[in-house]
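An overview of the molecular structure
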Amino acid sequence: MEYFKFIDKVKYEGKDSKNPMSFRYYDKDRVIMGKKMSEHLPFAMAWWHTLGACGADMFGSGTADKSFGSEEKTMAHARAKVDAGFEFMTKLGIEYFCFHDVDLVPESEDINITNKRLDEISDYILEKCKETGIKCLWGTANMFGNPKFMNGAGSTNSAEVYCFAAAQIKKALDITVKLGGRGYVFWGGREGYETLLNTDVKLEQENIARLMRMAVDYGRKIGFKGDFYIEPKPREPMKHQYDFDAATAIGFLRRYGLDKDFKMNIEANHATLAGHTFQHELRISAVNGMLGSIDANQGDTLLGWDTDEFPFDVYEATMCMYEVLNAGGLTGGFNFDAKNRRPSNTYEDMFYGHILAMDTFALGLIKAAELIEDGRLAKFVKEKYSSFNEGIGKKIVSGEATLEELSDYACKVGKTEMPMSGRQEYLETIINQILF
Ligand code: XLS
Ligand code: NI
Ligand code: NI
């Protein structure tokens, strides 16, 4: 069955095209800095938003119909979602997808039944992958939706619930490996607390680390060669989440010796919820050698929650791609963890959302490459720190200097000059000049 009859294939038509079902900037074979756009930008569809989210919010039920012609919460519906999803990705030229276990099949109260369903659907997905060349970017286990995870999964107070979390991770890893996934994500939505009055933070964090360690051991045992990711987010649903931001998550991974197997999956909207820019989170991950993958969405500065909008801010996308190019690319990809606004409730809107996002990142890539080729930004930064290239600066950087020595140096100089100007406004002018 064909679900999206109104479009055969979304094609690149160039920046002046007025055809809403076309790309203005995403030209997959265009070569930028020696690599095809499609290689720079491994885009992924998020199973949960695109095939599952109907626009329900706290005040009203869904507006979009995602039944795909079958009865919801049945295996027939699960299969219809696979069909619709692969048709959708093929028509857009999206080569990857991301999933939670429970996005794929209706969850039963008995985990054995759910697992059987997962085996069945993943066989079907694997067939589709072979047929189309579409691949899995990453998988994950939803350990936040089911009521039993009310106190967390790795951080739960119930050892039995902890075992159910382990069972879900094991199965989600099996499927990720089966589908050739590049990565496996931990997003700890309930791994945190509402109040410290009832929380043993030390035990909870240690237990989360133990669960991650077991996941790594099992994953490597079954031949998973990809990266494990933590997707930091400061809050929502919990008041405080342990993986607050990249710096916190990286510190945690190092503390528990997990840093060799894990990288960051940075989501734009989570960065801003943490009071950072998207670029900040990417840079912190990159300088620690842990920039793995990206959840490419956008928040709303006027709203304090994870709105998961399709990204349209070219400035943000440019700075993101600037970080990614400077880091030498991603081992993961760009997952559109984004959903249509509630009133955008048609199949066409699903396409428009992804076209918008793909074009935004394509344009960001083009502009970031121009910034790098232009070279003024990098040159300025180099110059700004040039005092560390020689003399006492060089000695500091090499680690040879002592505090006494530096003190003697300062006392000898007596009075220092002001450091070189930061020139922010001049640099921002360069960005505008390249962008427009
Ligand atoms: C929620 C998260 C979630 C993860 C996967 O805020 O972004 O969707 O990406 O569990
Ligand atoms: Ni996400
Ligand atoms: Ni999110």
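Residues numbered from 1 in each chain as written. Chains lettered and ligands numbered in written order. Predicted model: local features only at pLDDT ≥ 70, side-chain atom pairs only at ≥ 80, totals over all residues. Heavy atoms only, no water.

1. Side note on the coordination of the nickel ion (ligand 2)
On the protein side, the nickel ion (ligand 2) has E231 (OE), E267 (OE), D295 (OD) and D337 (OD) as donor atoms, found 2.0 to 2.1 Å from it. A separation of 3.7 Å is found between the nickel ion (ligand 2) and the nickel ion (ligand 3), both of which receive a donor from E267. Taken as a pair, D295 in strand β13 (residues 291–295) and D337 in the loop between β14 (334–336) and α12 (347–374) lie far apart in primary sequence, 42 residues in all. For the pair D295 and D337, one class covers both residues: buried. (Donors = N, O, S within 2.8 Å, 3.2 Å for Na, K, Ca; no water. Helix = DSSP H or I, 4+ residues; strand = E, 2+ residues; numbered from the N terminus. Buried < 20%, exposed > 50% of the residue type's maximum accessible area, 1.4 Å probe, protein only.)

2. A closer look at the pairing of strand β12 (residues 262–267)
Of all six residues making up β12, six are buried, and the element is well covered by its neighbours. Sheet analysis places strand β10 (residues 227–230) next to β12, joined by three bridges and oriented parallel. The residue of β12 that forms the bridge with I230 is M264. Of the pairings in the sheet, the one linking β12 to β13 comprises four bridges and is parallel in character. Bridging from a neighbouring strand, N265 pairs with S293 of β13. (Pairing = 2+ DSSP bridges.)

3. Description of the coordination of the nickel ion (ligand 3)
Around the nickel ion (ligand 3), the protein supplies E267 (OE), H270 (NE2) and D306 (OD) as donor atoms, at distances of 2.1 to 2.3 Å. Written as a sequence motif, the donor residues of the nickel ion (ligand 3) are E-x2-H-x35-D. On the basis of relative accessible area, H270 is assigned to the buried category, the value being 3%.

4. As for the site of ligand 1
As a matter of local geometry, ligand 1 sits amid W48, H100, W138, W187, E231, K233, E267, H270, D295, D306 and D337. For ligand 1, an oxygen atom lies 2.7 Å from a polar atom in the side chain of H100. Contacts to ligand 1 include K233, whose side-chain N or O atom sits 2.9 Å from an oxygen atom. In the complex, 94% of the free accessible area of ligand 1, which totals 290 Å², lies under the protein chains. Grouping the amino acids of the shell around ligand 1 by side-chain chemistry returns three nonpolar, two polar and six charged. (Near = heavy atom within 4 Å. Polar contact = N/O pair within 3.5 Å; in protein donor to acceptor, adjacent residues only side chain to side chain. Areas by Shrake-Rupley, 256 points an atom, 1.4 Å probe, with all protein chains shown as cover. Nonpolar A, V, L, I, M, F, W, Y, C, P; charged D, E, K, R; others polar.)

5. Brief notes about the packing of helix α8 (residues 246–255) against helix α10 (residues 278–287)
In contact at an axis separation of 9 Å, α8 and α10 are set at 25 degrees when each is read in the N-to-C sense. The pairing of α8 with α10 is recorded here as roughly parallel in orientation. Contacts from A246, A247 and I250 of α8 reach α10 at E281, I284 and S285. (Axes fitted to C-alpha atoms, helices over the stretch in contact; angles between N-to-C directions. Parallel < 35°, antiparallel > 145°, perpendicular 65-115°, else oblique. Contact = heavy atoms within 4.5 Å.)

6. Observations concerning unusual backbone geometry
Looking along the chain, the bond that leaves E236 and enters P237 is cis, with omega of 10 degrees. Turning to its location among the elements, P237 is positioned in the loop between β10 and β11 (240–241). Although it is not a glycine, E236 adopts a positive phi angle of roughly 70 degrees. Tracing the backbone through its elements, the reader meets E236 in the loop between β10 and β11.

7. Details of the environment of N151
Mapped onto the elements of the fold, N151 is located in the loop between β7 (135–140) and α6 (159–178). The class for N151 is partly exposed, based on a relative accessible area of 32%. Ignoring anything within four residues of it in the chain, the contact list for N151 reads T156, N157 and R190. At 2.9 Å, the side chain of N151 forms a polar contact with the side chain of N157.

8. Observations regarding the nonpolar core
Counting residues in each nonpolar core, the largest one holds 118 residues, and the members touching the most others are W47, F97, I125, F334 and F361. Sort the elements by how many residues they give to this core and α12 lands first, with 12 residues. Ignoring anything within four residues of it in the chain, the contact list for F334 reads H40, L41, P42, F43, A44, L137, I294, A296, C320, M321, V324 and F361. (Core = buried A, V, L, I, M, F, W, Y, C linked by side-chain atoms within 4.5 Å.)

9. Focus: the environment of K412
Relative to the assigned elements, K412 resides in helix α15 (residues 403–413). Given a relative accessible area of 80%, K412 falls into the exposed group. Along the sequence, K412 and I355 sit 57 residues apart, while their C-alpha atoms lie 62 Å from each other.

10. Quick word on the state of the cysteines
In protein structure, a disulfide is the covalent linkage between the sulfur atoms of two cysteines. Applying the stated criterion to the full structure yields zero disulfides. Between C136, a cysteine without a disulfide, and C98, which holds the nearest cysteine sulfur, the sulfur-to-sulfur distance is 6.6 Å. (Disulfide = S-S within 2.5 Å.)

11. Considering the sheet that holds β7
Around the barrel, eight strands lie side by side as β5-β6-β7-β8-β10-β12-β13-β14; this closed barrel has parallel pairing. Put simply, the sheet's adjacent strands are angled 30 degrees from each other on average, direction ignored. Here strand β5 (residues 43–46) pairs with β14 via three bridges, running parallel. Bridging from a neighbouring strand, A44 pairs with N335 of β14. Set on the sheet, α10 makes contact with β12 and β13; between it and β12 the angle comes to about 170 degrees.

12. Comments concerning the packing of aromatic side chains
Taken as a whole and assessed by the stated rule, the structure comprises 27 aromatic pairs. Between the aromatic rings of F4 and Y347, the centroid separation amounts to 4.9 Å while the plane-to-plane angle is 75 degrees, which identifies the pairing as edge-to-face. In this pair, F4 sits in the segment before β1 (11–12) while Y347 sits in helix α12, placing the two residues 343 residues apart along the sequence. Taken together through their ring pairs, the aromatic side chains of Y3, F4, F6, F68, F88, Y347 and F351 make up a single cluster. R79 extends its terminal NZ or CZ atom over the ring of Y124, reaching a point 4.4 Å from the ring centre. One residue, R255, lies across the ring of Y256, its end atom 4.7 Å from the ring centre. (Phe/Tyr/Trp six-rings, centres within 6.5 Å; stacked < 30°, edge-to-face > 60°. Lys NZ or Arg CZ within 6 Å of the ring centre and 35° of its normal.)

Worth remembering: the numbers are spatial, not functional.
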